Amino acid sequence: MLEILEKRHSVRNYSDRKVEDRLIEEILRAAMTAPTAHNSRSWEFVVVRQKDLIQKLAQAGKWISFAEGAQVIIVIVGNEQVSDKWIENCTLAAGFIYLEATNQGLGTCWAHVREGKTENGEDSEEYVKNLLDIPSDKRVLCLMPLGYPAEGNKPQRMKTLEKDKIHSEKW
Ligand SMILES: Cc1cc2nc3c(=O)[nH]c(=O)nc-3n(C[C@H](O)[C@H](O)[C@H](O)COP(=O)(O)O)c2cc1C
């Protein structure tokens, strides 16, 4: 397990190789094994493969243009009506997507949407909801663009145990 965790890093450059539907299904299964507050399972996922939609999604926020090179984008949608912990629930699902993507030899990177703005100053969540016909009462946390990693993806740092971040018994 630690091997996968240490291998995981954010991948923003993707190759043109198609991502098999079977792998996307397994990644979504992984997402749905994530724990949720009161077992509320307050997330839904939109799988986007159409190139024109992928291109438009990559314009939903300021730091997410890398998403345009993805083969698939999984949009993580929270149901605020079902749980006020939708952010936590969706965040864990995103974490599980990161890990299963790594396990499958794919790359992904969180592309932030919630409370963001597009280059034109439009609310990022509204932009994504309009683009994908997501009901107005739902929330959009982030996009998880996916693809086989291309050259040029470098892990940010070695993942080591940072002892200065650990406190024993009391701070
Ligand atoms: C809440 C959150 C928001 C993020 N938003 C973005 C984003 O909008 N664009 C981006 O390129 N990366 C984004 N990232 C990825 C981080 O930049 C990345 O995880 C961090 O630099 C550490 O690198 P690593 O994932 O390779 O370990 C986000 C990550 C998190 C957890």
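Residues numbered from 1 in each chain as written. Predicted model: local features only at pLDDT ≥ 70, side-chain atom pairs only at ≥ 80, totals over all residues. Heavy atoms only, no water.

A. Main features of the site of the ligand. Near the ligand, the surroundings consist of 15 residues, among which Arg 8, Ser 10, Arg 12, Trp 110 and His 112 are the closest. Trp 63 is positioned such that a nitrogen or oxygen atom in its backbone is 3.0 Å from a nitrogen atom of the ligand. In the model, a nitrogen atom of the ligand is placed 3.3 Å from a nitrogen or oxygen of the Trp 110 main chain. Relative to its free-state accessible area of 620 Å², the ligand is covered by the protein chains to the extent of 66%. Residues that form the shell around the ligand fall into these classes: 7 nonpolar, 4 polar and 4 charged. (Near = heavy atom within 4 Å. Polar contact = N/O pair within 3.5 Å; in protein donor to acceptor, adjacent residues only side chain to side chain. Areas by Shrake-Rupley, 256 points an atom, 1.4 Å probe, with all protein chains shown as cover. Nonpolar A, V, L, I, M, F, W, Y, C, P; charged D, E, K, R; others polar.)

B. Representation of the pattern of salt bridges within the structure. Scanning all chains against the criterion turns up 8 salt bridges. Linking Glu 125 and Arg 139 is a salt bridge whose minimum nitrogen-to-oxygen distance equals 2.9 Å. Residue Glu 125 is located in helix H5 (residues 124-132), and its partner Arg 139 is located in strand E5 (residues 139-147); the two are separated by 14 residues in the primary sequence. We note that Glu 125, like Arg 139, is buried. (Salt bridge = Lys/Arg side-chain N within 4 Å of Asp/Glu carboxyl O. Helix = DSSP H or I, 4+ residues; strand = E, 2+ residues; numbered from the N terminus. Buried < 20%, exposed > 50% of the residue type's maximum accessible area, 1.4 Å probe, protein only.)

C. View of the side chain of Lys 129. Structurally, Lys 129 is set in helix H5. Beyond its immediate sequence surroundings of up to four residues, Lys 129 is in contact with Ile 134, Pro 135, Ser 136, Lys 138 and Val 140. (Contact = heavy atoms within 4.5 Å.)

D. Structural view of the packing of helix H2 (residues 21-31) against helix H4 (residues 86-103). Between H2 and H4, the least distance of the axes is 8 Å, while the angle of their chain directions is 140°. By the angle class used here, H2 and H4 are oblique. Here the hand of the crossing between H2 and H4 comes out right-handed. Each of Glu 26, Ile 27, Ala 30 and Ala 31 in H2 lies in contact with H4, whose residues at this interface are Ala 93, Phe 96, Ile 97, Glu 100 and Ala 101. Tallied by class, the residues present in the contact of H2 with H4 amount to 7 nonpolar, no polar and 2 charged. (Axes fitted to C-alpha atoms, helices over the stretch in contact; angles between N-to-C directions. Parallel < 35°, antiparallel > 145°, perpendicular 65-115°, else oblique. Left-handed = near helix turned anticlockwise from the far one by under 90°.)

E. How the structure looks around the pairing of E5. Of all 9 residues in E5, 9 are buried; the element is thus mostly enclosed. Here 7 bridges tie strand E2 (residues 72-78) to E5, and the two strands are oriented antiparallel to one another. Each bridged residue has a counterpart across the sheet, and for Val 77 the counterpart in E5 is Val 140. Where strand E3 (residues 107-108) and E5 come together, 2 bridges link them in antiparallel fashion. Looking at the pairing, Gly 107 lines up with Gly 147 of E5. As defined by bridge partners, strand E4 (residues 111-112) adjoins E5 across 2 bridges and the pair is classed as antiparallel. (Pairing = 2+ DSSP bridges.)

F. Summary view of H4. With 18 residues, H4 extends 26 Å from end C-alpha to end C-alpha; this agrees with the ideal 26 Å at 1.5 Å per step. For H4, the complete set of buried residues consists of Trp 86, Asn 89, Cys 90, Ala 93, Ala 94, Ile 97, Tyr 98, Glu 100, Ala 101 and Thr 102. For H4, the secondary structure elements touched by its buried residues are helix H1 (2-7), H2, strand E1 (43-48), E2, E3 and E5. Positive backbone phi, at 80°, marks Gly 105, one or two positions downstream of H4. (Expected span 1.5 Å × (residues − 1).)

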